[in-house]
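What follows is each chain in one-letter form.
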Amino acid sequence: MAPSRSNTNQPWSVPRGPVASESREDRGTASLTATLPFQPTKFMVGTEQGTIISCNRKGKTPAEKIVNVFPGHLGPVYALQRNPLFPKNFLSVGDWTARIWSEDIKDSSIMWTKYHMSYLTDACWSPTRPAVFFTTKMDGTLDVWDFIFKQNDPCLSVQVCDEALYSVKVNEAGRYIACGSQMGVTTLLELSDGLYSLQRNEKSLVTAMFERETRREKILEARNREIRLKEKERKEGSKGGDEADDRSKDRENLEQELIQKAEKDFSELMQEEQKSAEEERTSRPASAAKASPEPTGDDEGAGDEPQE
C-alpha cells in the first residue's frame, strides 16, 4: 500500500500491517511524522527495529541532526503522530501496544495500552479532543481511547469488518473517521458528540495527567540511573578488590617462599654442624689413645717398692 500523504499537520505513514503469508522481515515499514508549522525543521521517524528517532533538518553535525532516540517498540513502528494540542507529546503504535511519549523522557513512554491479542496496525489522535485517540487492529476492530474516562481499556470498540484494518484517518472536525482494510475497502464512521466535542476542563486535565506521568517517569529514570551507577561502582570495586587480593596473594606467596628458603638453609646449616660434631667426636678418642702410651715392664718394676 502506498503512503497516504496529508497536510503538514498530519503524519505521513505507511500503515502496512503483518499479513499471514509474510515473514517478520517483510512486514516492517517505517513511519514518519511531518513537520509542524511552528517547528518546520523538526520531524520524527519510526524504524523497522522499533526505535523512534527525533531529527532536525537544520543540524550540521550528526549529533545535531539526530536529536533524540527513543526505545520504541518490540517490532516495527507502524504509526507515529504528535498530539495536535500538546505537540511535546506524541503517539506511536508497534507490536501489540500503543504508547504515548514525552520529549523530556528518553528511556520510556509515559503512558501505554495493555498488550492486545491482535496486532496493532495504525493510530491517530483526535484533532479536537486531546485525550482521545484511535487504533486499528488485525482482527478488523477500531478502538476509541479516552484516557480521561478510562486508562486500561478502550471506551469503545467497533468491529468494522472481518479483515485486517491497516489505516485510520479523522477529518479536521473530528466527527468522521475513515478506516482502510486489507482488501482496500474504506469504511466511513460517524462519531457521537461526546467523542469529538471538547469536554469541560479537558485541556487542564490532560495537562495535569501528562505532567504527572512525566514527573513519575523522571523519578523512575533517575532511580534506574542511580541503580546502574551503584552497580557499576560495585563491579569496579569488586574488580579492584580482586586485584588487591591478587597482590596480597603474591606477597603471601613470596613470603612463603622466603620462609621455606630460610628453613631449608637453616636445615642444611644444622646438618653440616651435626656432621662436623660427629666427626669431632669420632676423631677425639683416637687422638687420646695416641697421646697416652702403654706402660712397659720396666715401668712396672720400677713402680714396686724394694723388698727387705
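No experiment lies behind these values; they were computed from the predicted model shown. (Residues numbered from 1 in each chain as written. Predicted model: local features only at pLDDT ≥ 70, side-chain atom pairs only at ≥ 80, totals over all residues. Heavy atoms only, no water.)

Turning next to the nonpolar core. One finds Leu91, Ile100, Met111, Trp125, Phe133, Phe147 and Phe210 to be the most contacted residues of the largest nonpolar core, which totals 19 residues. Mapped onto this core, the elements with two or more residues apiece are β6 (89-94), β7 (97-102), β9 (120-125) and α3 (202-291). Apart from the residues within four sequence positions on either side, leucine 91 is in contact with Ala79, Leu80, Gln81, Ala98, Arg99, Ile100, Ala123, Cys124, Trp125 and Phe133. Formed by 15 residues, the second largest nonpolar core is a distinct cluster that contains Cys124, Val144, Leu165 and Tyr196. (Core = buried A, V, L, I, M, F, W, Y, C linked by side-chain atoms within 4.5 Å. Buried < 20%, exposed > 50% of the residue type's maximum accessible area, 1.4 Å probe, protein only. Helix = DSSP H or I, 4+ residues; strand = E, 2+ residues; numbered from the N terminus. Contact = heavy atoms within 4.5 Å.)

Let us look at the sheet that holds β6. Across a sheet, strands are paired by hydrogen bonds formed along the backbone, either parallel or antiparallel in direction. As summarised here, the arrangement of the four strands in space is β5-β6-β7-β8, forming an open sheet in which the pairing is antiparallel. Looking at the sheet topology across the chains shown, the edges are occupied by β5 (77-82) and β8 (111-112). One ladder, built from five bridges, connects β5 with β6; its direction is antiparallel. By the bridge assignment, valine 77 is partnered in β6 with glycine 94. (Pairing = 2+ DSSP bridges.)

It is worth spelling out the pairing of strand β3 (residues 52-56) at this point. For β3, a buried count of five out of five residues is recorded, marking the element as mostly surrounded by other parts of the structure. Across the two faces of β3 the burial is the same, with Ile52, Ser54 and Asn56 and Ile53 and Cys55 all buried. Relative to β3, strand β2 (residues 42-46) is paired through five bridges, and the arrangement is antiparallel. For lysine 42, the partnering residue across the bridge sits in β3 and is asparagine 56. What sits between β2 and β3 in their antiparallel hairpin is a turn of five residues, with glycine 50 showing a positive phi close to 95°. Where β3 and strand β4 (residues 66-70) come together, four bridges link them in antiparallel fashion.

Okay, the sheet that holds strand β10 (residues 132-137) next. Reading across the sheet, the four strands line up as β9-β10-β11-β12 and stay open at both edges, with antiparallel pairing between neighbours. The open sheet is flanked by β9 and β12 (156-159), the only strands paired with a single partner. Direction aside, the axes of adjacent strands within the sheet are offset by 15° on average. Inspection of the sheet shows strand β11 (residues 141-146) paired to β12 by four bridges, in the antiparallel sense. Bridge assignment links valine 144 to a residue of β12, and that residue is leucine 156. (Axes fitted to C-alpha atoms, helices over the stretch in contact; angles between N-to-C directions.)

A few words on the confidence of the model for the protein chain. Confidence in the prediction for the protein chain averages 78 pLDDT; 73% of positions are at 70 or higher. Scored below 50 in pLDDT, residues 1-29 makes 69 contacts in the model with residues more than four places away or belonging to other chains. In this model, residues 299-306 is a region of pLDDT below 50 whose contacts with residues beyond four sequence positions or in other chains number zero contacts. (pLDDT = per-residue confidence, 0-100.)

On to the environment of valine 206. When you line up the elements, valine 206 lands in helix α3. Taking the C-alpha atoms as reference points, valine 206 and phenylalanine 86, 120 residues apart in sequence, are found 9.0 Å from one another.

What follows concerns the packing of aromatic side chains. Inspection of every chain in the model, using the stated rule, returns nine aromatic pairs. Ring centres of tryptophan 125 and phenylalanine 133 lie 5.6 Å apart, and the angle between their planes is 70°; this geometry places the pair in the edge-to-face category. In terms of burial, tryptophan 125 and phenylalanine 133 fall into one category: buried. Aromatic pair phenylalanine 147 and phenylalanine 210: ring centres 5.7 Å apart, planes at 40°, arrangement tilted. Pair noted here: phenylalanine 147 is in the loop between β11 and β12 and phenylalanine 210 is in helix α3, with a separation of 63 residues, a long-range link. Like phenylalanine 147, the residue phenylalanine 210 is buried in the burial classification. Members of the aromatic cluster, connected to one another through ring pairs, are Phe70, Phe90 and Trp101. (Phe/Tyr/Trp six-rings, centres within 6.5 Å; stacked < 30°, edge-to-face > 60°.)

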